[in-house]
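# Descriptive analysis of the structure
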Amino acid sequence: MDKNLKDHRQLGQELDLYSFHDVAPGAVFWHHNGYLIYRTIQEYLRKELLSNGYQEIFTPVMVKNDLFKKSGHWDFYKENMFKLEVEDQNYALKPMNCPEACLIYSTKVRSYHDLPIRLADFGVLHRNELSGVLGGLFRVRQFSIDDAHHFVKPDQIQDEIKTLLLFVENFYKLFGFKSEFFLSTRPDKAMGDVKLWQEAEKDLEEALKSTRVKYGIKEKDGAFYGPKIDIQIKDSQDRDWQLATIQLDFQIPEKMQLEYIDNDGKAKRPVIIHRAITGSLERFIGILVEHFQGAFPLWLAPVQIMLLTINEEQEKYTLELVKKLNDLGIRAEADLRNESLGAKIRNATLQKVPFLGIIGKLEMENESISLRLRDGKDLGKIKIPDLIEKLKQEIDKKI
Ligand SMILES: [Zn+2]
């Protein structure tokens, strides 16, 4: 890392985003500003989920081991699970959401008309990483994924993947990340019918081709239960990160005995697509903090505009304006301290607040503010209604 760049732990402290404490190794204490970023991303994703036909579910954190034995995760994951005994029963903290999504799927008889069924879950997950490898937001024991499971008929795989690929690409563009796609094919040790694998790999490749995204092939790098598409991004420091995956799964539907009634009246197994776009939200935010070096775009910034007074005569007017902006969903704060304007500007600039609004006697009389950007650029005086319109538009456009 360039010596002028700061890592997310240092930035997190300077910008009051999150902290880590010995009493909970590998778990994040989100402060108000950090949690605002977390929720802003989650809310954006939620809006997209709604318009893309998802249902959002929320499932228990503590589950009996029996579920993971049934789903097949126990054999592969038990070393990484936190286990506990309650009233002589064996429980674990869930390391993934899939088995519980399957339980919700199986609460009803599903017909071919109902598919695809897309269940999204931001559930809290725990995985037991050794305390020695824990590090800031990048390696944690407790986290959330923007997780979803699509239950589809085999002939729906291709369309479903196409929509997902475009969704992923557009999502990353929002942050200025370029994405690269990789198709991972059947490993030597794989479960299931080879013909099914070949068809699924063909479906994934057709979807990649038709969306015209740039992709490579990772031979034999698929999961044991199905082929997958990994998506890598490049950040502002030219580092590659693998965040999103889209995985096909023929095994869990079998193990969890999932069914749908097809148009010939017969019960058949759906295919599951596991997909995550940000992956762990904790890690994703760590990457964003370093990518932007804390200077978040307006829509993500915890404080979007900081109002700075010259003296106490403007206090009342400024606080009313803060309330007005907050009521409109614009995150505004005021610096009313008995400090020089220069000191207030310096402080807001260090906090990387996108807009600074200076309020003196003249501004008060004209119902305006003097607007500046965090890089020092002076935008001159602006009337309050015009300011509101400008901020709302830029927030909406995700600038
Ligand atoms: Zn899953």
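Cut-off values and rules
Residues numbered from 1 in each chain as written. Predicted model: local features only at pLDDT ≥ 70, side-chain atom pairs only at ≥ 80, totals over all residues. Heavy atoms only, no water. Helix = DSSP H or I, 4+ residues; strand = E, 2+ residues; numbered from the N terminus. Buried < 20%, exposed > 50% of the residue type's maximum accessible area, 1.4 Å probe, protein only. Contact = heavy atoms within 4.5 Å. Areas by Shrake-Rupley, 256 points an atom, 1.4 Å probe, with all protein chains shown as cover. Lys, Arg positive; Asp, Glu negative; His and termini not counted. Charge placed at Lys NZ, Arg CZ, Asp CG, Glu CD. Pairing = 2+ DSSP bridges. Axes fitted to C-alpha atoms, helices over the stretch in contact; angles between N-to-C directions. Donors = N, O, S within 2.8 Å, 3.2 Å for Na, K, Ca; no water. Domains from an automatic or database assignment. Buried area = accessible area lost by both parts, 1.4 Å probe. Polar contact = N/O pair within 3.5 Å; in protein donor to acceptor, adjacent residues only side chain to side chain. Nonpolar A, V, L, I, M, F, W, Y, C, P; charged D, E, K, R; others polar.

From N to C terminus, the chain includes 13 helices and 21 strands. Principal-axis analysis of the C-alpha atoms places the extent of the chain at approximately 75 × 50 × 45 Å. Burial status across the chain gives 52% buried among its 399 residues. Counting contacts in the chain only where the partners sit at least 6 residues apart, residues at least 24 apart contribute 69% of the total. Summed over all atoms, the accessible surface of the chain reaches about 19600 Å², with 48% contributed by carbon and sulfur. One finds the centroid of the 58 positive side-chain charges in the chain at a distance of 2 Å from the centroid of its 62 negative side-chain charges.

Turning our attention to the sheet that holds strand β21 (residues 378-383). Pairing is mixed in the open sheet, where five strands are placed in the order β18-β17-β19-β20-β21. The sheet is open, and its two edges are formed by β18 (332-335) and β21, each paired on a single side. With direction set aside, neighbouring strand axes in the sheet form an average angle of 25 degrees. Examined bridge by bridge, strand β17 (residues 305-309) and strand β19 (residues 355-359) share five bridges and lie parallel to one another. Its bridge partner lying in β19, L307 is registered against G357. Sheet strands touched by helix α11 (residues 341-350): β17, β18, β19 and β20 (368-373). Its angle to β17, the strand with the most contacts, is close to 170 degrees.

The next subject is the coordination of the zinc ion. Bound to the zinc ion are the protein donor atoms C98 (SG), H149 (NE2) and H274 (ND1), situated 2.1 to 2.3 Å from the metal. Each donor residue of the zinc ion lies on the same chain, and together they follow the pattern C-x50-H-x124-H. Of this pair, H149 sits in strand β9 (residues 142-152) while H274 sits in strand β16 (residues 271-280), and the two are 125 residues apart along the sequence. Accessibility expressed as a relative area gives 9% for H274, which makes it buried.

The subject of this paragraph is the domain arrangement of the chain. Examined at the domain level, the chain breaks down into domain 1 (8-292) and domain 2 (305-396). Taking only C-alpha atoms into account, the centre of domain 1 sits 41 Å from that of domain 2. Listed by partner, the interface residues are four residues for domain 1 and four residues for domain 2. Roughly 370 Å² of surface becomes buried between domain 1 and domain 2 when both sides are summed, with 49% attributable to carbon and sulfur atoms. Looking at the side of domain 1 facing domain 2, the largest losses of area belong to L15, L36 and T40, adding up to 65% of the total buried there. Run the count over domain 1 and domain 2 and you get one residue pair in polar contact (both at pLDDT 80 or more). Here the side of domain 1 that touches domain 2 is built from residues that sort into two nonpolar, one polar and one charged.

Mapped onto the elements of the fold, Q247 is located in strand β13 (residues 240-249). A distance of 2.4 Å separates a polar atom in the side chain of Q247 from a polar atom in the side chain of Y225.

Let us look at the pairing of β21. By the bridge criterion, five bridges tie β20 to β21 in an arrangement that is antiparallel. Pairing of S368 across the sheet is with K383, part of β21. Between the antiparallel neighbours β20 and β21 lie four residues, among them G376 with a positive phi of about 100 degrees.

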